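# Descriptive structure summary
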Amino acid sequence: MFGIACSECASMNSYQVTTGAFFECHQCHHEITVEDLDIDPSEIWTVDANGILGFVIDPIVSLREMSDAIDEYMGEDHDSMGELEALRNFRDAALRLQGALEVGVPYPVAKM
Ligand SMILES: [Zn+2]
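Rules behind the numbers
Residues numbered from 1 in each chain as written. Predicted model: local features only at pLDDT ≥ 70, side-chain atom pairs only at ≥ 80, totals over all residues. Pairing = 2+ DSSP bridges. Helix = DSSP H or I, 4+ residues; strand = E, 2+ residues; numbered from the N terminus. Buried ≥ 20, exposed ≤ 12 C-beta atoms within 10 Å, placed from the backbone. Expected span 1.5 Å × (residues − 1). Arc of directions from axis to C-beta. Contact = placed C-beta atoms within 7 Å.

### Some remarks on the pairing of strand β5 (residues 43-47)
Note that β5 and strand β6 (residues 53-57) share five bridges and pair antiparallel. The residue of β6 that forms the bridge with Glu-43 is Ile-57. Between β5 and β6, which pair antiparallel and follow one another directly, the connecting turn spans five residues, one of which, Gly-51, has a positive phi of 80°.

This is the structure:
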């Protein structure tokens, strides 16, 4: 899960879920709702097991990046820097997918 900084005091990973529909910064008590979040369409807001607000990358995006990385790898020369870069891209996308699954975002179901 990627952290979110408080828009008031800039503390990282400080917004904690409250009993209401708010998240409160445990440093400065600034409150926000999910409507206040400015996240990319490829990102999904989430709350970890400790109630801390953060975001993950949409698994559909990570799976597409993993597929693209395999295509890159297949197009590179054997033992080239491009091959290494493609492997790094695959690993990074796989870790982002793992991060989304760990916080409970469902694995995308293929539409038939
Ligand atoms: Zn704060």
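### Quick notes on the environment of Thr-33
Checked against the element boundaries, Thr-33 lands in the loop between β4 (31-32) and β5. Its 10 C-beta neighbours within 10 Å are what place Thr-33 among the exposed residues. Residues Thr-33 and Phe-23 lie ten residues apart in sequence; the distance between their C-alpha atoms is 6.1 Å.

### As for helix α2 (residues 81-102)
For α2, spanning 22 residues, the distance from its first C-alpha to its last is 31 Å, which sits close to the expected 32 Å at 1.5 Å a residue. Inspection of α2 places Ala-86, Ala-93, Arg-96, Leu-97 and Ala-100 among the buried residues, and these make up the whole buried set. Taken end-on, α2 shows its buried residues confined to a sector of 100°, consistent with a single buried face. Opposite its buried face, α2 presents the exposed residues Met-81, Leu-84, Arg-88, Arg-91, Leu-95 and Gln-98, each directed more than 90 degrees away. Considering only its buried residues, α2 is in contact with β5, β6 and α1 (59-75).

### Section: the environment of Leu-95
Looking at the element boundaries, Leu-95 is found in helix α2. Separated by 91 residues in the primary sequence, Leu-95 and Ile-4 place their C-alpha atoms 19 Å from one another.

### So, the sheet that holds strand β1 (residues 2-3)
An order of β1-β6-β5 is seen for the three strands of this open sheet, with the pairing classed as antiparallel. Both outer strands of the open sheet, β1 and β5, are each paired with one neighbouring strand and no more. As defined by bridge partners, β1 adjoins β6 across two bridges and the pair is classed as antiparallel. By the bridge assignment, Phe-2 is partnered in β6 with Phe-55.

Scope: geometric values only; no functional claims are made or implied.
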